[in-house]
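# What the coordinates show
Each chain is listed here by its residues.
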Amino acid sequence: MKVGALTVDAVRDGGFLCPVDFEYPDVEASRWEPYRDLLADGTNVVNQFGGFLVRGAGYVALIDLGFGPAKVPDWKSGELLDSLAELGVKPEDVTDVLFTHLHFDHIGWASVGGKPTFINATYRCHAKDWPHFMDGYEPRPEELTFPEEMLPKNKLAPVADRMETWSGAAEVLPGIHVLETPGHSPGHCCFRITSESEAVILAGDIAHHQAELVEPDWQGVADEDEELARRSRRNLAEHLAATGTPFVPAHFRDFEWGRLTRTDAGLAWEPIVAVAAS
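Here is a short report on the structure shown in this document. Because the structure is a prediction, the values reported are computed rather than measured. (Residues numbered from 1 in each chain as written. Predicted model: local features only at pLDDT ≥ 70, side-chain atom pairs only at ≥ 80, totals over all residues. Heavy atoms only, no water.)

### Quick notes on the overall build of the protein
When helices and strands are counted, the protein shows six helices and 16 strands. Computed over the C-alpha atoms, the radius of gyration of the protein is 18 Å, within 12% of the 19 Å expected from 2.2 N^0.38 for a compact globule of 278 residues. Dimensions along the principal axes, computed over C-alpha positions, put the protein at roughly 50 × 45 × 35 Å. Taken across its 278 residues, the protein has 57% of its residues classed as buried. Once local pairs closer than 6 in sequence are excluded, the contacts in the protein between residues at least 24 apart make up 70%. Counting 23 positive and 45 negative side-chain charges, the protein places the averaged centre of each group 3 Å from the other. (Helix = DSSP H or I, 4+ residues; strand = E, 2+ residues; numbered from the N terminus. Rg over C-alpha atoms; globule rule 2.2 N^0.38 Å. Buried < 20%, exposed > 50% of the residue type's maximum accessible area, 1.4 Å probe, protein only. Contact = heavy atoms within 4.5 Å. Lys, Arg positive; Asp, Glu negative; His and termini not counted. Charge placed at Lys NZ, Arg CZ, Asp CG, Glu CD.)

Now the structure itself:
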């Protein structure tokens, strides 16, 4: 899609299905009824892996890097470089890698076999996430079943010498602005992409399913600080509803774009088939 002079493309790496009662264990099954068509077979949350390619203004930037080439039973992964090739981009063409945060399913192509994947790129993340994941991070139980290379410290160590950090509401590249939304991780961020009076938001892991944005009491299992994440999610949802800005989180099924609208009953999700930035 076009955002003024910039182009934003989803870059698929794979994905997996997660039963709703695992992803949202405190949500009663009956409350899923309005959202069944946003699930796989009416029962599973679809979690895509991948990132977003932003081109223009003299850079070729990747925002998040999916799960990577490691294999886990019942998960698809390892497609990101092929997806880039379909967009006419080689690894050496990438000038910048930006991370919404440093969980394992966003850093998978940072390095492979101990070597950086994007040899000409500067890597960037929030200043709070780097020490959190590199010094004393406690892996989640599922991470301990992955190949050891997938642990954040091992995946990120080969790019440490090319990693830069930001804090605050930075403009990390022309037209790419940081929105600090902590809680999912200490430094979790979204990115507001702007050009020529148009804007969209790449929303990272602010939510893993549309219902999580419009049902204020729903809580997924993946947030490190649930209360802080809930506050960030509500603040961003209010902003999205007030502005009508098109947005896409990192894991929505088929990387589906949408808007939030306000109704008499609260907030509502409105999918966008052909996105026109606003």
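### Some words on the packing of aromatic side chains
Counted under the stated rule, the structure contains 21 aromatic pairs. An aromatic cluster of three or more residues is present, and its members are F16, F49, F67, W75, F104 and F146. (Phe/Tyr/Trp six-rings, centres within 6.5 Å; stacked < 30°, edge-to-face > 60°.)

### Examining the environment of R124
Checked against the element boundaries, R124 lands in strand 8 (residues 122-126). Remark: the alpha-carbon pair of R124 and W32, spanning 92 residues in sequence, is separated by 37 Å. Residues in contact with R124, not counting those within four places in the same chain, are D96, V97, L98, F99, M163, E164, W166, V172 and L173.

### A closer look at unusual backbone geometry
Located in the positive-phi region is D41, a residue other than glycine, with phi close to 55°. Among the secondary structure elements, D41 is positioned in the loop between helix 1 (20-23) and strand 3 (44-56). When its relative accessible area of 73% is taken as the criterion, D41 is described as exposed. A positive phi angle is found at D64, which is not glycine, with a value near 75°. Counting through the fold element by element, D64 comes out in the loop between strand 4 (59-63) and helix 2 (80-86). We classify D64 as buried; its relative accessible area is 3%.

### A word on the environment of M1
Along the polypeptide, M1 turns up in the segment before strand 1 (2-3). Along the backbone, M1 and R253 are 252 residues apart, and their C-alpha atoms lie at a distance of 17 Å.

### Digging into the pairing of strand 2 (residues 6-19)
Within strand 2, ten of the 14 residues are buried, which leaves the element mostly enclosed by the surrounding structure. Both strand 1 and strand 2 contribute to a ladder of two bridges, which runs antiparallel. Residue pairing in the sheet places V3 in a bridge with L6 of strand 2. Bridge analysis of strand 2 against strand 3 gives twelve bridges, and the strand direction is antiparallel. Bridging from a neighbouring strand, V8 pairs with V54 of strand 3. (Pairing = 2+ DSSP bridges.)

### Here we look at the sheet that holds strand 3
One open sheet accounts for seven strands, arranged 1-2-3-4-5-8-9; its pairing is mixed. Whereas interior strands pair on both sides, the edge strands pair on one side only; in this sheet they are strand 1 and strand 9 (163-166).

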